[in-house]
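This is what each chain is made of:
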Amino acid sequence: MAAAALIEIWRGDLPESLHSGHAVVYGPQGVERVWGDAGAVVFPRSSCKMVQALPLLESGAAKAAGLGLRELALSCASHSGAALHVGAVNAWLTGLGLGEADLRCGAHLPFDKAEATRLSGSGESPCQLHNNCSGKHAGFLTLNRHLKGGPDYVEIDHPVQLAARAAFEEVTGETAAGWGIDGCSAPNFACTLEGLARAMHFFAAARPEDGLRAGAAAQLVQAMTAFPELVAGENRACTKLMRATGGKVAVKTGAEGVFVAILPEQKRGVALKITDGATRASEAAITALLVHLGALAPDHPVVAELVPPVSRNWRGLATGGMRLAPGFC
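How each quantity is defined
- Residues numbered from 1 in each chain as written.
- Predicted model: local features only at pLDDT ≥ 70, side-chain atom pairs only at ≥ 80, totals over all residues.
- Heavy atoms only, no water.
- Helix = DSSP H or I, 4+ residues; strand = E, 2+ residues; numbered from the N terminus.
- Rg over C-alpha atoms; globule rule 2.2 N^0.38 Å.
- Buried < 20%, exposed > 50% of the residue type's maximum accessible area, 1.4 Å probe, protein only.
- Pairing = 2+ DSSP bridges.
- Salt bridge = Lys/Arg side-chain N within 4 Å of Asp/Glu carboxyl O.
- Contact = heavy atoms within 4.5 Å.
- Polar contact = N/O pair within 3.5 Å; in protein donor to acceptor, adjacent residues only side chain to side chain.
- Disulfide = S-S within 2.5 Å.
- Expected span 1.5 Å × (residues − 1).
- Arc of directions from axis to C-beta.
- Core = buried A, V, L, I, M, F, W, Y, C linked by side-chain atoms within 4.5 Å.

**Q** An account of the overall build of the chain is needed here, citing residue identities and associated values.
**A** Secondary structure assignment for the chain yields 14 helices and 12 strands. Taking 2.2 N^0.38 as the reference for a compact globule, 329 residues should give roughly 20 Å; the C-alpha atoms of the chain span a radius of gyration of 19 Å, in line with that estimate. Along the first, second and third principal axes, the C-alpha set of the chain runs to 60 × 55 × 35 Å. Expressed as a percentage of its 329 residues, the buried residues of the chain come to 55%.

Shown next, in the form of structure tokens:
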């Protein structure tokens, strides 16, 4: 099936751009709603970090290391590299007797403007702690220490990645369609969008009394919703949406237009992919889906922020706006 029209950009009274994609809502009885193709194969990218973190808890590594909800939230994070994030990951690694050099995620300028300005003003270069995936990698290192694996924990045949792949295939209900190297150097496994939504449903329905894996999933959701500022950061869509839903929904973005949502009260999982990879469209689409499912009030300010009905130019003149395509939500 072809991708469905999801988000329109208008200028004046005419449509100017169109973002198409695929979206799946998966509930207790299975697939409930599809836009586009539920069988489209996608790389979840960072949207599946909570899946990659499951072995961290299931193995007993998190308990052995004394990790709390803050560290678990960081293990699922694509953070902004703010001082808050850098300090927390550094403290985590220090507690393990490890350091920045043990990471394998690489360094990039932080998304956080204050920290980026500080680095520029001081002439200091960003380090791997600033990488938006450094929390996930701290989780990998914690698991690796528990498993007594080698230092290159991002290799496809390393025990850490074998555990991550096993968890991914079990919760998606699919054999990985393939894999590629993510921006942070770790393997990223492909699945159908339905499989990704099924995995999010697993997290949404997970209860501690339902077994080890369910308990791990429930704890990760609790961590994400308790510390949304650690999962992303100020002025980031993930953090804004989790705050706007009062901590009742966990959401996670991924590169190239992927977004997922976990709705525990409804036991529903949502997954979407914008085919052109546009972040503005994935943020708008997940917001619209949360409103559609009754998890987000339609008049909450974050809705108009992420699905802006009016856009303005540098002089403040209204130029157009963003709309949901006919048939979406």
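**Q** Lay out the pairing of strand β12 (residues 318-324) in plain terms, naming residues and giving numbers.
**A** Here strand β1 (residues 4-11) pairs with β12 via 5 bridges, running antiparallel. Paired with Glu 8 across the bridge in β12 is Arg 323. Relative to β12, strand β11 (residues 311-312) is paired through 2 bridges, and the arrangement is antiparallel. Residue pairing across strands places Ser 311 opposite Gly 320, the latter belonging to β12. Hairpin connection of β11 to β12: 5 residues between the antiparallel strands, including Gly 316 at a positive phi of 85°.

**Q** How would you explain the pattern of salt bridges if you had to name every residue and give the values?
**A** As enumerated under the stated definition, the model contains 13 salt bridges in all. Asp 182 is the partner of Arg 45 in a salt bridge, and the nearest nitrogen-oxygen pair spans 2.7 Å. Placement of the pair is Arg 45 in the loop between β4 (41-42) and α1 (49-52) and Asp 182 in the loop between β5 (179-181) and β6 (187-189), with a sequence separation of 137 residues. Here Arg 45 falls in the partly exposed class, since its relative accessible area comes to 23%. Exposure remark for Asp 182: the relative accessible area of 9% places this residue in the buried category. With a shortest N-O distance of 2.7 Å, Glu 58 and Arg 213 are connected by a salt bridge. Of this pair, Glu 58 sits in helix α2 (residues 54-58) while Arg 213 is found in helix α10 (residues 212-226), placing the two residues 155 residues apart along the sequence.

**Q** An account of the environment of Thr 192 is needed here, citing residue identities and associated values.
**A** Along the chain, the position of Thr 192 falls in strand β7 (residues 191-192). Residue classification places Thr 192 among the buried positions, given a relative accessible area of 16%. Each C-alpha atom, one on Thr 192 and one on Lys 248, is 26 Å from the other, the two residues being 56 residues apart in sequence. With residues near it in sequence (within four places) discarded, Thr 192 still touches Ala 38, Gly 39, Ala 40, Val 41 and Glu 174. A polar contact of 2.4 Å, which involves the side chain of Thr 192, links it to the side chain of Glu 174.

**Q** Outline the state of the cysteines, supporting the account with residue identities and numerical values.
**A** In total, this model carries 0 disulfides according to the counting rule given. Among the cysteines around Cys 133, which has no disulfide bond, Cys 184 carries the closest sulfur, lying 4.0 Å off. Judged by its relative accessible area of 4%, Cys 133 falls in the buried class. Under the relative-accessibility criterion, Cys 184 is labelled buried at 1%.

**Q** Lay out unusual backbone geometry with the relevant residues and their values.
**A** The phi dihedral of Lys 148 is positive, around 60°, even though this residue is not glycine. Relative to the helices and strands, Lys 148 resides in the loop between α7 (134-147) and α8 (159-172). Despite not being glycine, Lys 267 has its phi angle at roughly 55°, a positive value. Relative to the elements of secondary structure, Lys 267 occurs in the loop between β9 (258-263) and β10 (268-274). Using a relative accessible area of 36% as the deciding quantity, one classes Lys 267 as partly exposed.

**Q** Pulling in residues and values, what's your account of helix α5 (residues 83-95)?
**A** Its 13 residues give α5 an end-to-end C-alpha distance of 18 Å, which sits within 8% of 18 Å, the value for a rise of 1.5 Å per residue. Of the positions making up α5, those classed as buried are His 85, Val 86, Ala 88, Val 89, Trp 92 and Leu 93. One face of α5 carries all of its buried residues, which in axial projection span an arc of 170°. Those residues of α5 that are exposed and aimed more than 90 degrees away from the buried face are Ala 83, Ala 91, Thr 94 and Gly 95. Contact partners of the buried residues in α5: α4 (69-75), α7 and α11 (228-231). After α5 finishes, the residue Gly 97 shows a positive phi value of roughly 80°.

**Q** So what's going on with the nonpolar core? Which residues, and what values?
**A** Judged by nonpolar contacts, the single largest core of 105 residues is most densely connected at Ile 7, Met 50, Phe 203, Val 251 and Leu 290. Every residue in contact with Phe 203, bar those within four places of it in the chain, is listed here: Met 50, Val 51, Leu 54, Ala 217, Leu 220, Val 221 and Ile 262.

**Q** Please set out the side chain of Glu 115 residue by residue, giving values where relevant.
**A** Summarising the element assignment, Glu 115 is placed in helix α6 (residues 113-122). For Glu 115, the side chain forms a polar contact with the side chain of His 130, separated by 2.8 Å. Every residue in contact with Glu 115, bar those within four places of it in the chain, is listed here: Gly 81, Ala 82, Ala 83, Pro 110 and His 130.

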